[in-house]
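Here is what each chain is made of, one letter per residue.
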Amino acid sequence: MKNIQIDLKNALSFINQNDFKNYDKQVNNQVKKLENKTGKGSDFLGWLNLPENISKDQIADINETAKRLRSISEIIVVIGIGGSYLGAKSVIDGLSGQFNHLKHDKNNPQTLFAGQNLSEDYHYELLDFLKDKNYSIIVISKSGTTTEPAIAFRLFRKDLEKRFGNKEASNRIVAITDATKGALREMVDQENYKSFLIDDDIGGRYSVLTPVGLLPIACAGFNIEELIEGAISMLNLSQNNSFDENPVHQYAAIRHALYSKNKTIEILANYNPKLNSIAEWWKQLFGESEGKENKGIFPASVNFTTDLHSMGQYVQEGLRNIFETVISVEKTKFSLNIPSDNDNYDGLNFLAGKPIDFVNKMAELGTTLAHIDGNVPNIKITIPELNEYYLGQLLYFFEKSCAISGYLLGINPFDQPGVEAYKENMFALLEKPGFEEESNSIKKKLNS
Ligand code: PA5
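Residues numbered from 1 in each chain as written. Predicted model: local features only at pLDDT ≥ 70, side-chain atom pairs only at ≥ 80, totals over all residues. Heavy atoms only, no water.

Enquirer: An account of the overall build of the chain is needed here, citing residue identities and associated values.
Expert: Helices and strands together make up the secondary structure of the chain, namely 18 helices and ten strands. Relative to the globule expectation of 22 Å for 448 residues, the C-alpha radius of gyration of the chain, 23 Å, shows essentially globular dimensions. Across its three principal axes, the chain shows a C-alpha extent of roughly 60 × 60 × 55 Å. Sorting the 448 residues of the chain into buried and exposed places 50% on the buried side. For the chain, long-range pairs separated by at least 24 residues make up 79% of all intrachain contacts whose partners lie at least 6 apart in sequence. Taken as a whole, the chain presents about 21,700 Å² of accessible surface, with 50% of it coming from carbon and sulfur. For the chain, the distance from the average position of its 48 positive side-chain charges to the average position of its 58 negative side-chain charges is 1 Å. (Helix = DSSP H or I, 4+ residues; strand = E, 2+ residues; numbered from the N terminus. Rg over C-alpha atoms; globule rule 2.2 N^0.38 Å. Buried < 20%, exposed > 50% of the residue type's maximum accessible area, 1.4 Å probe, protein only. Contact = heavy atoms within 4.5 Å. Areas by Shrake-Rupley, 256 points an atom, 1.4 Å probe, with all protein chains shown as cover. Lys, Arg positive; Asp, Glu negative; His and termini not counted. Charge placed at Lys NZ, Arg CZ, Asp CG, Glu CD.)

Enquirer: An account of the site of the ligand is needed here, citing residue identities and associated values.
Expert: Lining the immediate environment of the ligand, one finds 13 residues, of which Ser-84, Ser-141, Ser-143, Thr-146 and Gln-284 sit closest. The contact in question runs from an oxygen atom of the ligand to an N or O atom on the side chain of Ser-141, over 2.6 Å. One nitrogen or oxygen atom from the main chain of Arg-205 is found 3.0 Å from an oxygen atom belonging to the ligand. With the chains in place, 88% of the 380 Å² that the ligand exposes on its own is no longer accessible. Tallied by class, residues from the shell around the ligand come to one nonpolar, nine polar and three charged. (Near = heavy atom within 4 Å. Polar contact = N/O pair within 3.5 Å; in protein donor to acceptor, adjacent residues only side chain to side chain. Nonpolar A, V, L, I, M, F, W, Y, C, P; charged D, E, K, R; others polar.)

Enquirer: So what's going on with the packing of aromatic side chains? Residues and values would help.
Expert: Using the criterion set out here, one finds 21 aromatic pairs in the structure. When the centroid spacing of 6.4 Å and the interplanar angle of 55° are considered together, the rings of Trp-281 and Phe-398 count as tilted. Of this pair, Trp-281 sits in helix α13 (residues 276-290) while Phe-398 sits in helix α16 (residues 388-409), and the two are 117 residues apart along the sequence. Residue classification places Phe-398 among the buried positions, given a relative accessible area of 0%. Ring pairs connect the aromatic residues Tyr-251, Trp-281, Trp-282, Phe-286, Phe-397 and Phe-398, which therefore count as one cluster. Of note, Lys-194 hangs over the ring of Phe-196, and the distance from its end group to the ring centre comes to 4.8 Å. One cation-aromatic arrangement involves Lys-354 over Phe-358; the distance from NZ or CZ to the ring centre is 5.6 Å. (Phe/Tyr/Trp six-rings, centres within 6.5 Å; stacked < 30°, edge-to-face > 60°. Lys NZ or Arg CZ within 6 Å of the ring centre and 35° of its normal.)

Enquirer: Any details on the domain arrangement of the chain? Residues and values, ideally.
Expert: The domain boundaries assigned to the chain delineate domain 1 (5-41 + 227-409) and domain 2 (50-224). In this assembly, 26 residues from domain 1 lie in contact with 26 residues from domain 2. At the boundary of domain 1 with domain 2, total buried surface from both sides reaches about 2,400 Å², with 64% on carbon and sulfur atoms. Counting the surface domain 1 buries against domain 2, the share from its top three residues, Leu-227, Ile-228 and Lys-274, is 27%. One can count nine residue pairs in polar contact (both at pLDDT 80 or more) joining domain 1 with domain 2. Here the element with the most residues in the side of domain 1 that touches domain 2 is α13; it accounts for eight residues. Each residue belonging to the side of domain 1 that touches domain 2 can be placed in one class, and the counts come to 15 nonpolar, five polar and six charged. (Domains from an automatic or database assignment. Buried area = accessible area lost by both parts, 1.4 Å probe.)

Enquirer: I'd love a proper account of the sheet that holds strand β8 (residues 298-303), names of residues and values included.
Expert: Taken in spatial order, the five strands make up an open sheet running β1-β10-β9-β7-β8, and their pairing is mixed. Each edge of the open sheet carries a strand with a single partner, namely β1 (5-7) and β8. Between one strand axis and the next, the sheet turns through 20° on average, direction left out of account. Here β1 pairs with strand β10 (residues 378-385) via three bridges, running antiparallel. (Pairing = 2+ DSSP bridges. Axes fitted to C-alpha atoms, helices over the stretch in contact; angles between N-to-C directions.)

Enquirer: Tell me about the environment of His-104, and name the residues and values.
Expert: Note that His-104 resides in the loop between α6 (86-95) and β3 (110-114). Once the C-alpha coordinates of His-104 and Ile-254 are considered, the two residues, 150 residues apart in sequence, prove to be 46 Å apart.

The following block contains the structure:
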C-alpha cells in the first residue's frame, strides 16, 4: 500500500537548509509535550491516539444507525457548524460523484447541510426542497447551545414532527452531543433520540474521526473502517524517528521555517474540485488552532486550474508573503481522453488521445515552476488516489502537523477564545436574557 508523500524540495530552496535540520530536535520537543500531555491545552488531546482507540462496537453502532437512516431517507440533513460539519463535508465531497445531487437514486440518500449559516433564504429554500422528501436529521453540537444549529434544528424538527408525527420524527433524529451538558443533551434525554457522544477531550475541529464525522460519512455510503485504517497508518508514520521520513514532522517544520522568513500566508491549492471542502476543513483546523496572540499563518485556499484565471495573477506577482501547499492526486477515478477532430479548428489535435489528467498535471507542473520563479515556496503533498484510506491518512496528517505547528508557535492549538467575541455582540444585539449589561453598552457604542 502506498502512502501520501510530502515533497519539500521547492520550499527548502527558500530557507537555510542547515537551520532546517535543527527542526528535528525542536519538533521532537513539541511532540514530547503532546505525548506526555505537558503542553498547552493538554486536556484536549483525545484525538491524538483516537484512530487506534475507536472500538469495534462503536463502529458497528455507527454503521447500524447509518443503515437504518439510509433505509428511511432520501435525504439526510446534517445540522452543525464549524468542527461539527466541516470534517464530514470534506470527506463526503472528496469521495462523492460531483453530480450525484442531480440524480434521483432512491438507494443512496443525499447529504445536505443546515445550521452552518444564518441565511433565512438558505433555510427557507432547504425546507421548501424537503417538503415532499423523506428525510432524517443528524444534529451535531458539542456544546449543545450554538445558535446557528439550534435555530436550524428547531425549524427542521418542527417540520418533521408536523409531517410524520412526534414518534416517527424522534425515530428520524440522531443527535451527537456532550454526555451531560447542553440543551441538546436535555432534548435527547426528554425525546429519547438515538445519540452518540463527543468526548470531552476532543475539540470540534479535531472531531472528524468521532461520530461527528463518521456517522454522516457512513450515512453517505462510505467505508468508515477504511478511513480509520488510513488514519492509523498515518499515526504510525508520524511516529517514525527519522525526521526525513516523517511527513508530519516535515510539514510542521517547513511551515514554521517559512513563517520565520515572513511567509505569513499559506495557500492550499488543489487541481481537483472534489478537494474544495478538504480545503475548507483545513482552513478551520489551522486558522482556529494557530491564529492567536497576534501570531499564526493565515490559511487560504485556491482551486486550480479554475482560480489560475482569477487568483493566479496575485500568487504570481502580488505581495511576496505567501507560500503554497499543493495537494496533488496521482490517479483519477475515471479515464477520459481528448478526442481527435478532423477539422482541428481549435488546434488541439496535438493532444488527441491524451488523458485530460495529463493536461491537468502539466498545468500543475507549469504553475509550480512559474510560482517558484515568482518567489513562492512550494510544498507538494501527493495522494495516490481519492478513497477513504488516503483521506483518512490526509486528515490525521493535517491534525497532528497542526498541533505540532501550534506548539512551535508557542500558542495553545486547542482553544478558540476569539470565537466568543462575535457571539457576545450578537447576543447583546439580540437582547438575549442574561446579556442586559452587554446590550446597554453595545447600544451606547452604536449611538455614540
Ligand atoms: O472547532 C470548534 O471547536 C468549533 O468550530 C465548533 O466545532 C463550532 O463552534 C460548533 O460548536 P458546537 O459543536 O459546540 O455547536
